[in-house]
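Each chain is listed here by its residues.
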Amino acid sequence: MKKIIIANWKMNLGNEGGIYLAEELATIPEAKINNLNIIICPPFIILRELNDSLTPKFCLGAQDSASTEEG
């Protein structure tokens, strides 16, 4: 049975930081994460861009919005 990891970034990292982190995650060798279902939940405003840049080894999730400036 695969374990599930959900990474909820809240409103941290900003657009550039979130995109950079996603690109770094995409470089993780598949052999290291093949026993895991990893779900990335970035801020909504970069969801589409990350959908294009992440490999199929990751899933994307959405999160609610908030009225605060950060996480």
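Every value quoted in this text rests on a predicted model; they were computed, and no experiment measured them. (Residues numbered from 1 in each chain as written. Predicted model: local features only at pLDDT ≥ 70, side-chain atom pairs only at ≥ 80, totals over all residues. Heavy atoms only, no water.)

Draft legend 1. Seen up close, the overall build of the protein chain. When helices and strands are counted, the protein chain shows three helices and three strands. Shown N-terminal to C-terminal, the secondary structure of the protein chain runs as helices and strands in the order β-α-α-β-α-β. Looking at the protein chain as a whole, 28% of its 71 residues qualify as buried. Taking all contacts inside the protein chain whose residues are at least 6 apart in sequence as the whole, residues at least 24 apart take part in 68%. On the protein chain, roughly 5,300 Å² of surface is accessible, and the fraction owed to carbon and sulfur atoms is 53%. Within the protein chain, the 9 negative side-chain charges are centred at a point lying 14 Å from the centre of the 6 positive side-chain charges. (Helix = DSSP H or I, 4+ residues; strand = E, 2+ residues; numbered from the N terminus. Buried < 20%, exposed > 50% of the residue type's maximum accessible area, 1.4 Å probe, protein only. Contact = heavy atoms within 4.5 Å. Areas by Shrake-Rupley, 256 points an atom, 1.4 Å probe, with all protein chains shown as cover. Lys, Arg positive; Asp, Glu negative; His and termini not counted. Charge placed at Lys NZ, Arg CZ, Asp CG, Glu CD.)

Draft legend 2. Seen up close, the pairing of strand β2 (residues 36-41). One ladder, built from six bridges, connects strand β1 (residues 3-8) with β2; its direction is parallel. Considered in β2, the bridge of Ile 4 is made with Asn 37. With three bridges connecting them, β2 and strand β3 (residues 58-60) associate as parallel partners. Pairing of Ile 38 across the sheet is with Phe 58, part of β3. (Pairing = 2+ DSSP bridges.)

Draft legend 3. Highlighting the nonpolar core. In terms of nonpolar packing, the biggest core is built from 12 residues, these being Trp 9, Ile 19, Ala 22, Leu 25, Ala 26, Ile 33, Ile 38, Ile 40, Ile 46, Leu 50, Leu 54 and Phe 58. At the level of elements, α1 (14-25) and β2 are the ones that each hand at least two residues to this core. No other element matches the three residues that α1 contributes to this core. Excluding anything up to four places from it in sequence, Ala 26 contacts Ser 53, Leu 54, Thr 55, Lys 57 and Phe 58. (Core = buried A, V, L, I, M, F, W, Y, C linked by side-chain atoms within 4.5 Å.)

Draft legend 4. Molecular detail of the sheet that holds β3. In spatial order, the strands read β1-β2-β3; together these three strands make up an open sheet with parallel pairing. Edge positions in the sheet fall to β1 and β3, since each of these pairs with one other strand and no more. On average, each strand axis in the sheet is inclined to that of its neighbour by 25°, with strand direction left out of account. (Axes fitted to C-alpha atoms, helices over the stretch in contact; angles between N-to-C directions.)

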